[in-house]
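Architecture and fold: a report
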Amino acid sequence: MGVSQAWAAAPSAAERARSVLAGAWSCSVTAESCREELVGAHTVTEDGRVLLEVPEDSVLVTAAICAPRGEPSAVLEFADVAPVPVRKRIRTRLWMSGWFTPEDGTLVFRPTRVVLRQPSGAVVVGLDEFAEAAPDPLVTAEARLLTHLADCHADAVACLTRLVDSDSLHGAVRVQPLAVDRHGLTLRIERARAHGDVRLPFHRPADDVAQLTERMHILLAQASAASCPRPLQRQRADGDG
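To start, this report covers the structure provided alongside it. None of the values given here were measured: they were computed from a predicted structure.

Considerations on helix H2 (residues 59–66)
- Turning to H2, its buried residues are Leu60, Ala63 and Ala64. In an axial view of H2, the angular spread of the buried residues amounts to 100 degrees, which keeps them on one side of the axis. Of the exposed residues in H2, the ones pointing more than 90 degrees away from its buried face are Ile65 and Cys66.
- Its buried side turned inward, H2 meets strand E1 (26–31), strand E2 (34–39), strand E6 (90–103) and strand E7 (106–118).
- Structurally, the start of H2 carries an N-cap: the backbone nitrogen of leucine 60 is 3.1 Å from a side-chain oxygen of serine 58.

So, in structure tokens, the structure goes:
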């Protein structure tokens, strides 16, 4: 069950894909019938190639050595997980298929297909767009910012619900900050057996944390001037569902 308010001023699919890559700490790699889970092993070049630092005894190294021409096909999977406890914490999944090339002790992955799966559905990202896109400038600070907002400023989150259409708040038992990027803040609205997300766009993009603070102050000022919505219903003890 979704919400009636439409999303606006959001990153492009290519920018979102690059942000998932920049923010993810782990990934799953499937190559030549083997699979490996890697943590803290990948970096990304400016043009979107993924560099994997893996142990010498990794099955991926073996696959690269044994593959024809030393270039095994592979699929990389990344999950974008909300830093704040909410239902269905995986916000986005990213799949990349392509080829590995061993270079100076590093496995270099060159994508031939990029697919971003968001709540609205799967999107195939053009390779040129992907190579040219940049991650959101707030991606590395997002987890810290959202957890601080949820843990220390619940009153501000409650105030921001004044900017949400009353129909979207019907039956709500909890509202949590789900995501933030340079274009806006997303709230997760949880009900007894369902949830939905609503986007609060900034009046202009924020390129750093200082600008984000100013954008948030403007949203809060707008919320304070808005009429009060209906109060949230009493939370269930199993609200994390």
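The rest of the description comes next.
Re the pairing of strand E8 (residues 121–125)
- In this structure, E7 lies alongside E8, joined through five bridges in antiparallel fashion. When the bridges of E8 are listed, glutamine 118 appears paired with glycine 121.
- Between E7 and E8, which follow one another and run antiparallel, lie two residues.

Let's talk about the sheet that holds strand E11 (residues 195–201)
- Pairing is antiparallel in the open sheet, where three strands are placed in the order E9-E10-E11. Strands at the two margins of the open sheet, each flanked by one partner only, are strand E9 (172–181) and E11. Neighbour-to-neighbour, the strand axes of the sheet open up by a mean angle of 25 degrees, direction not taken into account.
- Sheet topology note: the E9/strand E10 (residues 184–191) ladder contains eight bridges and is antiparallel. When the sheet's bridge partners are listed, valine 180 is paired in E10 with leucine 185.
- In the packing of helix H4 (residues 142–152) onto the sheet, the strands contacted are E9 and E10, and the crossing angle to E9 comes to about 155 degrees.

Focus on the side chain of threonine 92
- You can see threonine 92 is positioned in strand E6.
- Accessibility expressed as a relative area gives 4% for threonine 92, which makes it buried.
- At 3.4 Å, the side chain of threonine 92 and the side chain of arginine 16 are in polar contact.

Section: the pairing of E1
- Across six bridges, the pairing between E1 and E2 is antiparallel. Bridge assignment links serine 28 to a residue of E2, and that residue is glutamate 37.
- Taken together, E1 and the strand that follows it, E2, pair antiparallel across an intervening segment of two residues, in which glutamate 32 is found at a positive phi of about 50 degrees.
- Summarising the sheet, E1 and strand E5 (residues 73–81) pair through four bridges and their orientation is antiparallel. In the strand pairing of E5, alanine 31 is matched with alanine 74.

Considerations on the side chain of arginine 174
- With respect to the helices and strands, arginine 174 occurs in strand E9.
- At 3.4 Å, the side chain of arginine 174 and the backbone oxygen of proline 85 are in polar contact.

Criteria and cut-off values
- Residues numbered from 1 in each chain as written.
- Predicted model: local features only at pLDDT ≥ 70, side-chain atom pairs only at ≥ 80, totals over all residues.
- Heavy atoms only, no water.
- Buried < 20%, exposed > 50% of the residue type's maximum accessible area, 1.4 Å probe, protein only.
- Helix = DSSP H or I, 4+ residues; strand = E, 2+ residues; numbered from the N terminus.
- Arc of directions from axis to C-beta.
- Contact = heavy atoms within 4.5 Å.
- Polar contact = N/O pair within 3.5 Å; in protein donor to acceptor, adjacent residues only side chain to side chain.
- Pairing = 2+ DSSP bridges.
- Axes fitted to C-alpha atoms, helices over the stretch in contact; angles between N-to-C directions.

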